[in-house]
Amino acid sequence: MARPASQGSSSRAGGTRVDFDSLFGGLGGDTGAGYAASGFGTGSARGRITMRRKDGSRFEANLSSSVYYGPSGEARTSIIQLQELREFVPALHGDAAVTRYLQEAGLQHSCCAGVVALTDDNEVNLKVAITAKLLNPQIKVISRADSHDIEANMASFGTDHIVDPFDTFAAHLAVAFQAPCLYLLQRWLTGREGAILSEPVYPPRDGHWIVCGYGRFGRAICRRLKGEGVEVVVIEARPQVTGQPDTKLVTGVCTEAETLLEADIENAAGLVAGTDNDANNLSIVMTARELNSTVFAVVRQNQADNHDIIAAVDADMVMHPSAIIADKIRVLLATPMLYEFISLALYQDESWACELASRVIALVGDEVPETREWSLDQGQASALQDYLTQGSQFSVADLLRDPWQRERELNAIVLLIRRRNDRMLLPDLQDALKAGDRLLICGDRAAFTRMQWTVSHRRPAELAVASSGAAPARLAGLAQASVAALPDPRIAVLTATQAGIASFTILTEARREWSGKRRIARYPTHHRCRRLQTPRGRSE
């Protein structure tokens, strides 16, 4: 029996002996936490997650920068070595349902932040979730499941998040019926950074819907459609196996035109091709469109390799179980407040969602915005926290003001503020921030870079507040104090505004004071850096 990883044990991974103390201390430079993922297939969750360093601060890393263990063969674990991952990823070849392998993977190590169970076997995922919660109750456990009985069992042991791809997509379809703009906003905010913004979809209500296949996915869709008051016709070849739906049933093969005609495809508003066979789903859609060219088509994609042919069908909505699981887990690990924001947004009207969607487009154009969580604490905003704990005021508008051009607002929106038990949805620009607040923000990458500068330097924070209404002389004084407060003149950064600060004059005074130093970095009113110069004025 191997020693628990928390006692400094090592584990055989990919043919290499791994020391977990060194592993967790080395990922991302100096992390204090890592995630273990069971299962590695074509749909395994990959993306950016936020991990915690030993000093309490956070940094972004790949979800794949976590320990992998799984029941797959060695050939599958070898794939990890061929991928261009940002960090070293040890691969432990073993059965994730065996407790010993979970321990060797670092389950009880003090730096293990969570376990993600991603196998396609509900029983294995259940065993992983139960074992993780019993041996290390403090860690976060996220598990995949597509059986309601298994989900209830997982929940009874305290599993933090259970991801059912069929129920998740069915819920998305219901939101698209109720509030198309909110569904669109949800897709944008949970999408992969840099991807092209998706187009809105409008599922029709003026007619019945045909659901092909009454398995786990078909049942979830039928429940949601009936909840929206839509008439449903189910086509199932083996109802004695899948069960009888409580709606109209057509027994037959979904791919045949005769069966679709019996379900009245010619007058149908929507069609769900939801079998577990991609070829059959493609055939269903093609046949249905020959009989009804305007039908709203939803296609289930089972294999990631079939992406191109599924895309060629140009369906209105595509349900890929593995992609849904991957995206949801990525968001749960990186920005869990985003789902809290979406839950609160469901209580808003459609006009609210449409207005917010318009604001997002104005900020980022046609690309998916970057969404992050920020805590106003010592780990992520030490200077701003010190500033706030002294009783100073700092508003949302101050945070969103460009530190290098104070008259300019950054391309970002504060979506949600969590303050103890209170939640502030889309706070006003004049709302005050407090030490310890946790913020959900979306915007472009440049905006986050400049906000990070503001919250990490006290003098720029003071300038942010002062520039909202202070006199030019006061601003100039703050700028001079900012220069004097910096310990190293090589990183002296001056913020000039159109209110009348003469950055050249301040730089000249600073140069005179630091005549014996090496160099001064200048950041004038425009945000581009000029060449570094020596005190004598020679370019280097």
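Residues numbered from 1 in each chain as written. Predicted model: local features only at pLDDT ≥ 70, side-chain atom pairs only at ≥ 80, totals over all residues. Heavy atoms only, no water.

A.B. asks: Help me get a handle on the nonpolar core, residues and values and all.
C.D. replies: Core analysis: the largest hydrophobic core is formed by 55 residues, its most contacted members being W209, I221, L225, F341 and L415. Not counting chain neighbours up to four residues away, the residues in contact with F341 comprise L189, W352, L356, L415, L416, L425 and L440. Counting 22 residues, the second largest nonpolar core, distinct from the first, contains V233, I265, L271 and V299. (Core = buried A, V, L, I, M, F, W, Y, C linked by side-chain atoms within 4.5 Å. Buried < 20%, exposed > 50% of the residue type's maximum accessible area, 1.4 Å probe, protein only. Contact = heavy atoms within 4.5 Å.)

A.B. asks: I'd love a proper account of a nonpolar patch on the surface, names of residues and values included.
C.D. replies: Taken together, the side chains of L134, L135 and F157 define a hydrophobic patch exposed on the protein surface, amounting to about 260 Å² of accessible area. Tracing the chain through its elements places F157 in the loop between α5 (148–156) and β10 (161–163). Classification of F157 by relative accessible area gives partly exposed; the value is 35%. (Patch = residues over 30% accessible without salt bridge, like charges linked within 9 Å, V, L, I, M, F, W, Y side chains within 5 Å. Areas by Shrake-Rupley, 256 points an atom, 1.4 Å probe, with all protein chains shown as cover. Salt bridge = Lys/Arg side-chain N within 4 Å of Asp/Glu carboxyl O. Helix = DSSP H or I, 4+ residues; strand = E, 2+ residues; numbered from the N terminus.)

A.B. asks: Residues and numbers for the pattern of salt bridges, please.
C.D. replies: Counted according to the given criterion, the structure contains 18 salt bridges. Of the charged contacts in the structure, one is a salt bridge between R450 and D402, with a shortest N-O distance of 2.5 Å. You can see R450 sitting in helix α18 (residues 445–456) and its partner D402 sitting in the loop between α17 (396–399) and β18 (412–419), a full 48 residues away along the chain. Pair check on accessibility: R450 and D402 agree, each one buried. Connected through salt bridges with shared partners, the residues R192, D327 and R330 form a single ionic network.

A.B. asks: So what's going on with the sheet that holds strand β19 (residues 422–425)? Which residues, and what values?
C.D. replies: One open sheet accounts for four strands, arranged β17-β20-β18-β19; its pairing is antiparallel. Of all strands in the sheet, those bounded by a partner on one side alone are β17 (370–375) and β19. With strand direction ignored, the average angle separating the axes of adjacent strands in the sheet is 20°. In this structure, β18 lies alongside β19, joined through four bridges in antiparallel fashion. Its bridge partner lying in β19, L416 is registered against L425. This element, helix α15 (residues 350–364), spans β18, β19 and β20 (438–443) of the sheet and lies at about 125° to β18. (Pairing = 2+ DSSP bridges. Axes fitted to C-alpha atoms, helices over the stretch in contact; angles between N-to-C directions.)

A.B. asks: Can you lay out the confidence of the model for the protein chain for me, pointing to particular residues and giving the numbers?
C.D. replies: Of the residues in the protein chain, 70% have a pLDDT of 70 or more, and the chain-wide mean is 77. Under a pLDDT of 50 for its full length, residues 23–32 has, in the predicted model, 31 contacts with residues more than four places off or in other chains. (pLDDT = per-residue confidence, 0-100.)

A.B. asks: Can you tell me about the pairing of strand β11 (residues 209–212), naming the residues and giving the values?
C.D. replies: The alternating pattern of β11 places W209 and V211 and I210 and C212 on opposite faces, both of which are buried. Pairing between β11 and strand β14 (residues 270–273): four bridges, direction parallel. Each residue of the ladder has a partner; that of C212, found in β14, is A273. The sheet contact formed by β11 and strand β12 (residues 232–236) spans four bridges and is parallel. The residue bridging W209 from the neighbouring strand is V232, located in β12. In this fold, the crossover linking β11 to β12 by way of helix α8 (residues 216–227) has right-handed handedness. (Right-handed = clockwise from strand over helix to strand, strands pointing away.)

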